[in-house]
Amino acid sequence: GTTLGQSAAERGRYFGAAIAAGRMSDSTYLGIFNREFNSVTAENEMKWDATEPNQGQFSYANGDRIVNHAISRGMKVRGHALLWHAQQPGWAQNMSGQSLRNAAINHVTRVASYYRGKIHSWDVVNEAFADDGRGSRRDSNLQRTGNDWIEAAFRAARSADPGAKLCYNDYNTDSINAKSTGVYNMVRDFKARGVPIDCVGFQSHFGTTIPSDYRANLQRFADLGVDVQITELDIEQGSNQANAYRQVVEACLAVSRCTGITVWGIRDTDSWRGGANPLLFDGSGNKKAAYTATLNAL
Ligand code: XIL
(Lines give C-alpha, C1' and ligand atoms only; values in the text may rest on other atoms or scores of the structure.)
Protein backbone atom coordinates (compact mmCIF):
# COMPACT_ATOMS: atom_id res chain seq x y z
CA GLY A 1 0.00 0.00 0.00
CA THR A 2 0.93 3.65 -0.28
CA THR A 3 -0.38 4.79 3.10
CA LEU A 4 -0.04 3.48 6.64
CA GLY A 5 -3.71 2.58 6.91
CA GLN A 6 -3.89 0.83 3.53
CA SER A 7 -0.68 -1.11 4.15
CA ALA A 8 -1.80 -2.16 7.62
CA ALA A 9 -5.16 -3.26 6.23
CA GLU A 10 -3.37 -5.50 3.73
CA ARG A 11 -1.82 -7.16 6.80
CA GLY A 12 -5.20 -7.46 8.52
CA ARG A 13 -4.42 -4.64 10.97
CA TYR A 14 -5.41 -1.03 11.47
CA PHE A 15 -3.05 1.94 11.76
CA GLY A 16 -4.43 4.78 13.84
CA ALA A 17 -3.55 8.16 15.29
CA ALA A 18 -4.63 10.16 18.29
CA ILE A 19 -6.08 13.48 17.23
CA ALA A 20 -7.37 16.58 19.00
CA ALA A 21 -10.73 18.11 18.06
CA GLY A 22 -9.23 21.58 18.38
CA ARG A 23 -6.71 20.90 15.60
CA MET A 24 -9.20 19.54 13.06
CA SER A 25 -9.53 22.97 11.42
CA ASP A 26 -5.79 22.79 10.51
CA SER A 27 -5.93 21.50 6.94
CA THR A 28 -2.37 20.14 6.93
CA TYR A 29 -3.12 18.17 10.09
CA LEU A 30 -6.49 16.86 8.97
CA GLY A 31 -5.15 16.15 5.48
CA ILE A 32 -2.44 13.87 6.84
CA PHE A 33 -4.89 12.17 9.16
CA ASN A 34 -7.44 11.53 6.40
CA ARG A 35 -4.81 10.29 3.97
CA GLU A 36 -2.76 8.00 6.18
CA PHE A 37 -4.86 6.51 8.97
CA ASN A 38 -7.84 4.17 9.30
CA SER A 39 -8.39 4.36 13.06
CA VAL A 40 -8.59 7.21 15.55
CA THR A 41 -8.28 7.82 19.27
CA ALA A 42 -9.46 11.08 20.83
CA GLU A 43 -6.38 12.47 22.59
CA ASN A 44 -8.42 14.00 25.45
CA GLU A 45 -12.04 14.47 24.35
CA MET A 46 -13.50 11.20 25.66
CA LYS A 47 -11.86 11.25 29.09
CA TRP A 48 -13.96 11.62 32.25
CA ASP A 49 -13.27 15.34 32.77
CA ALA A 50 -14.32 16.03 29.17
CA THR A 51 -17.44 13.84 29.02
CA GLU A 52 -18.93 14.45 32.49
CA PRO A 53 -17.67 17.86 33.66
CA ASN A 54 -20.46 18.07 36.22
CA GLN A 55 -21.90 14.96 37.82
CA GLY A 56 -24.76 13.63 35.72
CA GLN A 57 -24.23 16.26 32.96
CA PHE A 58 -22.65 14.72 29.92
CA SER A 59 -20.77 16.59 27.23
CA TYR A 60 -20.06 14.83 23.96
CA ALA A 61 -19.61 17.61 21.39
CA ASN A 62 -15.83 17.35 21.07
CA GLY A 63 -15.80 13.58 21.20
CA ASP A 64 -18.53 13.52 18.57
CA ARG A 65 -16.47 15.72 16.24
CA ILE A 66 -13.75 13.08 16.21
CA VAL A 67 -15.98 10.00 16.26
CA ASN A 68 -18.37 11.19 13.55
CA HIS A 69 -15.52 12.34 11.29
CA ALA A 70 -13.86 8.94 11.62
CA ILE A 71 -17.02 6.91 11.13
CA SER A 72 -18.08 8.92 8.09
CA ARG A 73 -14.74 7.98 6.52
CA GLY A 74 -15.01 4.30 7.45
CA MET A 75 -12.34 4.47 10.13
CA LYS A 76 -12.31 2.52 13.39
CA VAL A 77 -12.56 4.37 16.71
CA ARG A 78 -10.67 3.47 19.88
CA GLY A 79 -12.59 4.84 22.85
CA HIS A 80 -10.19 6.34 25.41
CA ALA A 81 -10.72 6.11 28.37
CA LEU A 82 -13.70 5.32 30.59
CA LEU A 83 -11.93 5.20 33.98
CA TRP A 84 -8.48 6.55 34.89
CA HIS A 85 -6.93 8.10 37.99
CA ALA A 86 -5.91 11.16 35.93
CA GLN A 87 -8.04 13.74 34.11
CA GLN A 88 -11.00 13.15 36.39
CA PRO A 89 -13.45 16.02 36.83
CA GLY A 90 -12.99 17.90 40.09
CA TRP A 91 -16.24 16.55 41.52
CA ALA A 92 -15.02 12.96 41.16
CA GLN A 93 -11.58 13.77 42.56
CA ASN A 94 -13.35 14.85 45.72
CA MET A 95 -15.42 11.67 46.06
CA SER A 96 -14.65 8.35 47.74
CA GLY A 97 -16.20 5.10 48.85
CA GLN A 98 -19.52 3.76 47.57
CA SER A 99 -20.62 7.11 46.16
CA LEU A 100 -17.48 7.26 43.98
CA ARG A 101 -17.93 3.63 42.95
CA ASN A 102 -21.53 4.34 41.93
CA ALA A 103 -20.52 7.48 40.06
CA ALA A 104 -17.72 5.66 38.25
CA ILE A 105 -19.91 2.76 37.13
CA ASN A 106 -22.63 5.20 36.09
CA HIS A 107 -20.01 7.03 34.01
CA VAL A 108 -18.97 3.80 32.29
CA THR A 109 -22.59 2.89 31.58
CA ARG A 110 -23.61 6.28 30.28
CA VAL A 111 -20.61 6.96 28.04
CA ALA A 112 -20.38 3.43 26.63
CA SER A 113 -24.15 3.49 25.99
CA TYR A 114 -23.96 6.86 24.24
CA TYR A 115 -21.29 5.59 21.86
CA ARG A 116 -22.76 2.08 21.50
CA GLY A 117 -22.16 0.68 18.02
CA LYS A 118 -19.49 3.24 17.10
CA ILE A 119 -16.49 2.04 19.09
CA HIS A 120 -14.16 -0.71 17.89
CA SER A 121 -12.30 -0.98 21.21
CA TRP A 122 -12.76 0.80 24.53
CA ASP A 123 -9.98 1.46 27.00
CA VAL A 124 -12.29 0.62 29.91
CA VAL A 125 -9.59 1.14 32.52
CA ASN A 126 -6.33 3.02 31.99
CA GLU A 127 -3.13 2.86 34.05
CA ALA A 128 -4.41 1.04 37.15
CA PHE A 129 -1.08 -0.58 38.05
CA ALA A 130 1.78 0.98 40.01
CA ASP A 131 5.44 1.39 39.07
CA ASP A 132 6.60 -0.08 42.38
CA GLY A 133 8.50 -3.04 40.95
CA ARG A 134 6.06 -5.44 42.61
CA GLY A 135 3.15 -5.41 40.20
CA SER A 136 0.80 -3.78 42.69
CA ARG A 137 -2.32 -1.86 41.89
CA ARG A 138 -1.80 1.90 41.77
CA ASP A 139 -3.22 3.74 44.75
CA SER A 140 -6.05 6.03 43.62
CA ASN A 141 -9.49 7.13 44.70
CA LEU A 142 -10.88 4.41 42.39
CA GLN A 143 -8.65 1.69 43.86
CA ARG A 144 -9.71 2.72 47.36
CA THR A 145 -13.33 1.88 46.46
CA GLY A 146 -12.27 -1.79 46.48
CA ASN A 147 -10.04 -4.07 44.41
CA ASP A 148 -13.02 -5.20 42.31
CA TRP A 149 -13.48 -1.77 40.72
CA ILE A 150 -11.81 -2.89 37.49
CA GLU A 151 -13.98 -5.95 36.94
CA ALA A 152 -17.09 -3.94 37.84
CA ALA A 153 -16.13 -1.44 35.14
CA PHE A 154 -15.62 -4.16 32.53
CA ARG A 155 -18.97 -5.77 33.32
CA ALA A 156 -20.76 -2.43 33.07
CA ALA A 157 -19.04 -1.65 29.76
CA ARG A 158 -20.02 -5.04 28.31
CA SER A 159 -23.66 -4.49 29.26
CA ALA A 160 -23.67 -1.00 27.78
CA ASP A 161 -21.97 -1.86 24.47
CA PRO A 162 -21.82 -5.60 23.82
CA GLY A 163 -20.22 -5.07 20.39
CA ALA A 164 -17.13 -3.18 21.53
CA LYS A 165 -13.89 -4.92 22.38
CA LEU A 166 -13.03 -4.08 25.98
CA CYS A 167 -9.38 -3.31 26.73
CA TYR A 168 -7.15 -2.71 29.71
CA ASN A 169 -4.46 -0.11 28.76
CA ASP A 170 -1.20 0.85 30.50
CA TYR A 171 2.40 2.11 30.12
CA ASN A 172 5.71 0.54 31.20
CA THR A 173 4.03 -2.79 30.50
CA ASP A 174 5.76 -3.16 27.13
CA SER A 175 8.46 -5.53 28.38
CA ILE A 176 8.26 -8.55 30.68
CA ASN A 177 8.57 -6.93 34.11
CA ALA A 178 6.81 -6.81 37.47
CA LYS A 179 4.19 -4.32 36.28
CA SER A 180 3.29 -6.17 33.08
CA THR A 181 3.20 -9.42 35.04
CA GLY A 182 0.74 -7.84 37.46
CA VAL A 183 -1.49 -6.96 34.51
CA TYR A 184 -0.93 -10.43 33.03
CA ASN A 185 -2.09 -12.08 36.26
CA MET A 186 -5.20 -9.88 36.34
CA VAL A 187 -6.10 -10.75 32.73
CA ARG A 188 -5.53 -14.44 33.39
CA ASP A 189 -7.79 -14.23 36.44
CA PHE A 190 -10.48 -12.34 34.48
CA LYS A 191 -10.45 -14.96 31.73
CA ALA A 192 -10.66 -17.76 34.30
CA ARG A 193 -13.62 -16.17 36.09
CA GLY A 194 -15.49 -14.96 33.02
CA VAL A 195 -14.96 -11.25 33.59
CA PRO A 196 -15.41 -9.73 30.12
CA ILE A 197 -12.06 -8.56 28.70
CA ASP A 198 -11.06 -8.76 25.04
CA CYS A 199 -7.83 -6.84 24.64
CA VAL A 200 -4.82 -5.30 26.31
CA GLY A 201 -3.37 -1.99 25.14
CA PHE A 202 0.34 -1.30 25.37
CA GLN A 203 0.89 2.45 25.31
CA SER A 204 4.47 2.16 24.03
CA HIS A 205 5.76 5.63 24.88
CA PHE A 206 9.40 4.85 24.20
CA GLY A 207 12.78 6.48 24.64
CA THR A 208 15.21 5.88 21.81
CA THR A 209 15.02 2.08 21.97
CA ILE A 210 12.44 -0.73 22.05
CA PRO A 211 12.52 -3.44 24.74
CA SER A 212 14.23 -6.59 23.43
CA ASP A 213 11.36 -8.73 24.78
CA TYR A 214 8.58 -6.54 23.35
CA ARG A 215 7.32 -9.22 20.92
CA ALA A 216 7.56 -11.95 23.56
CA ASN A 217 5.55 -9.84 25.98
CA LEU A 218 2.82 -9.14 23.41
CA GLN A 219 2.75 -12.87 22.63
CA ARG A 220 2.35 -13.98 26.25
CA PHE A 221 -0.73 -11.76 26.60
CA ALA A 222 -2.12 -13.00 23.27
CA ASP A 223 -1.66 -16.55 24.55
CA LEU A 224 -4.13 -15.73 27.35
CA GLY A 225 -6.81 -15.36 24.68
CA VAL A 226 -6.97 -11.57 24.32
CA ASP A 227 -6.10 -9.30 21.41
CA VAL A 228 -3.19 -6.96 21.91
CA GLN A 229 -2.94 -3.43 20.53
CA ILE A 230 -0.19 -0.84 20.47
CA THR A 231 -2.19 2.15 21.59
CA GLU A 232 -0.13 5.32 22.10
CA LEU A 233 3.10 4.81 20.20
CA ASP A 234 5.73 7.52 20.15
CA ILE A 235 9.52 7.12 20.11
CA GLU A 236 12.04 9.80 21.03
CA GLN A 237 13.91 11.28 18.06
CA GLY A 238 17.51 10.11 17.67
CA SER A 239 19.64 8.24 15.21
CA ASN A 240 17.66 5.04 15.99
CA GLN A 241 14.13 6.37 15.55
CA ALA A 242 13.35 4.90 12.14
CA ASN A 243 14.83 1.54 13.15
CA ALA A 244 12.80 1.54 16.37
CA TYR A 245 9.53 2.23 14.53
CA ARG A 246 10.39 -0.64 12.16
CA GLN A 247 10.94 -2.94 15.15
CA VAL A 248 7.55 -2.02 16.61
CA VAL A 249 5.78 -2.86 13.35
CA GLU A 250 7.71 -6.13 13.07
CA ALA A 251 6.78 -7.09 16.64
CA CYS A 252 3.08 -6.49 16.00
CA LEU A 253 3.11 -8.35 12.69
CA ALA A 254 4.82 -11.31 14.39
CA VAL A 255 1.90 -11.69 16.83
CA SER A 256 -1.27 -12.78 15.04
CA ARG A 257 -3.48 -11.29 17.76
CA CYS A 258 -1.78 -7.88 17.52
CA THR A 259 -4.65 -6.18 15.73
CA GLY A 260 -3.39 -2.63 15.28
CA ILE A 261 -1.03 0.20 16.04
CA THR A 262 -1.93 3.76 17.05
CA VAL A 263 0.57 6.64 17.13
CA TRP A 264 -0.01 9.33 19.76
CA GLY A 265 -0.30 12.34 17.44
CA ILE A 266 0.34 13.38 13.85
CA ARG A 267 3.27 15.87 13.66
CA ASP A 268 6.12 16.30 16.13
CA THR A 269 4.64 19.69 16.99
CA ASP A 270 1.35 18.02 17.97
CA SER A 271 3.02 15.66 20.45
CA TRP A 272 2.42 15.80 24.20
CA ARG A 273 6.16 14.99 24.61
CA GLY A 274 7.62 18.46 24.19
CA GLY A 275 10.97 18.39 22.40
CA ALA A 276 11.18 14.64 21.86
CA ASN A 277 10.03 14.88 18.22
CA PRO A 278 8.66 11.35 18.61
CA LEU A 279 6.19 11.07 15.71
CA LEU A 280 6.13 10.20 12.00
CA PHE A 281 5.67 13.69 10.50
CA ASP A 282 7.73 16.82 11.15
CA GLY A 283 6.24 20.13 12.20
CA SER A 284 5.57 21.05 8.57
CA GLY A 285 3.79 17.77 7.94
CA ASN A 286 6.61 16.20 5.94
CA LYS A 287 7.15 12.45 6.18
CA LYS A 288 10.16 11.60 8.37
CA ALA A 289 12.55 8.68 7.93
CA ALA A 290 10.52 7.02 10.70
CA TYR A 291 7.45 7.23 8.46
CA THR A 292 9.19 5.52 5.55
CA ALA A 293 10.59 2.80 7.82
CA THR A 294 7.12 2.20 9.26
CA LEU A 295 5.44 2.04 5.86
CA ASN A 296 8.13 -0.27 4.48
CA ALA A 297 7.82 -2.62 7.47
CA LEU A 298 4.06 -3.00 7.01
C1 XIL B 1 -2.11 12.88 27.30
C2 XIL B 1 -2.48 13.86 26.20
O3 XIL B 1 -1.69 13.57 25.07
C4 XIL B 1 -2.22 15.27 26.67
O5 XIL B 1 -2.74 16.20 25.72
C6 XIL B 1 -2.89 15.52 28.02
O7 XIL B 1 -2.52 16.80 28.49
C8 XIL B 1 -2.48 14.46 29.03
O9 XIL B 1 -2.78 13.19 28.51
N10 XIL B 1 -1.28 8.08 28.75
C11 XIL B 1 -2.57 8.15 28.28
C12 XIL B 1 -3.00 9.34 27.48
O13 XIL B 1 -3.33 7.18 28.41
O14 XIL B 1 -4.35 9.67 27.71
C15 XIL B 1 -2.14 10.53 27.78
O16 XIL B 1 -2.52 11.58 26.90
C17 XIL B 1 -0.68 10.18 27.65
C18 XIL B 1 -0.30 9.11 28.63
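For the structure itself, look to the data block above.
Bear in mind that the values here come from a model prediction, so they are computed numbers and not experimental data.

## Notes on the packing of helix α8 (residues 178-193) against helix α9 (residues 214-222)
So, step 1. The geometry of α8 relative to α9 is characterised by a closest axis approach of 10 Å and an angle of 15° between their N-to-C directions. Regarding the angle of α8 to α9, the classification is roughly parallel. With respect to the hand of their crossing, α8 and α9 are arranged in right-handed fashion. Here S180, T181, V183, Y184 and V187 of α8 lie close against α9, whose contacting residues are N217, R220 and F221.
So, step 2. Across the contact of α8 with α9, the residue classes break down as four nonpolar, three polar and one charged.

## Here's the deal with the nonpolar core
So, step 1. F37, W122, V125 and F154 are the most contacted members of the largest nonpolar core, which totals 93 residues.
So, step 2. Looking at this core element by element, the count peaks at seven residues for helix α7 (residues 149-160).
So, step 3. Excluding its chain neighbours within four sequence positions, the residues that come into contact with W122 are M46, G79, H80, L82, V111, A112, Y115, D161, A164, K165, L166 and C167.

## A closer look at the state of the cysteines
Note on terminology: a disulfide is the covalent bond linking the sulfur atoms of two cysteines.
So, step 1. Under the criterion given, the structure shown has two disulfides.
So, step 2. Here C167 engages in a disulfide with C199; their sulfurs sit 2.1 Å apart. Classification of the bridge connecting C167 and C199 rests on its S-S torsion, roughly -90°, and on that basis the disulfide is left-handed. Of the two residues, C167 is situated in strand β5 (residues 165-170) and C199 in strand β6 (residues 199-202); the sequence distance between them amounts to 32 residues. One exposure class covers both C167 and C199, and it is buried.
So, step 3. Sulfur-sulfur distance for the disulfide between C252 and C258 comes to 2.0 Å. Residues C252 and C258 share a disulfide whose torsion about the S-S bond is about -100°; that sign makes it left-handed.

Calculation rules
- Residues numbered from 1 in each chain as written.
- Predicted model: local features only at pLDDT ≥ 70, side-chain atom pairs only at ≥ 80, totals over all residues.
- Heavy atoms only, no water.
- Axes fitted to C-alpha atoms, helices over the stretch in contact; angles between N-to-C directions.
- Helix = DSSP H or I, 4+ residues; strand = E, 2+ residues; numbered from the N terminus.
- Parallel < 35°, antiparallel > 145°, perpendicular 65-115°, else oblique.
- Left-handed = near helix turned anticlockwise from the far one by under 90°.
- Contact = heavy atoms within 4.5 Å.
- Nonpolar A, V, L, I, M, F, W, Y, C, P; charged D, E, K, R; others polar.
- Core = buried A, V, L, I, M, F, W, Y, C linked by side-chain atoms within 4.5 Å.
- Buried < 20%, exposed > 50% of the residue type's maximum accessible area, 1.4 Å probe, protein only.
- Disulfide = S-S within 2.5 Å.

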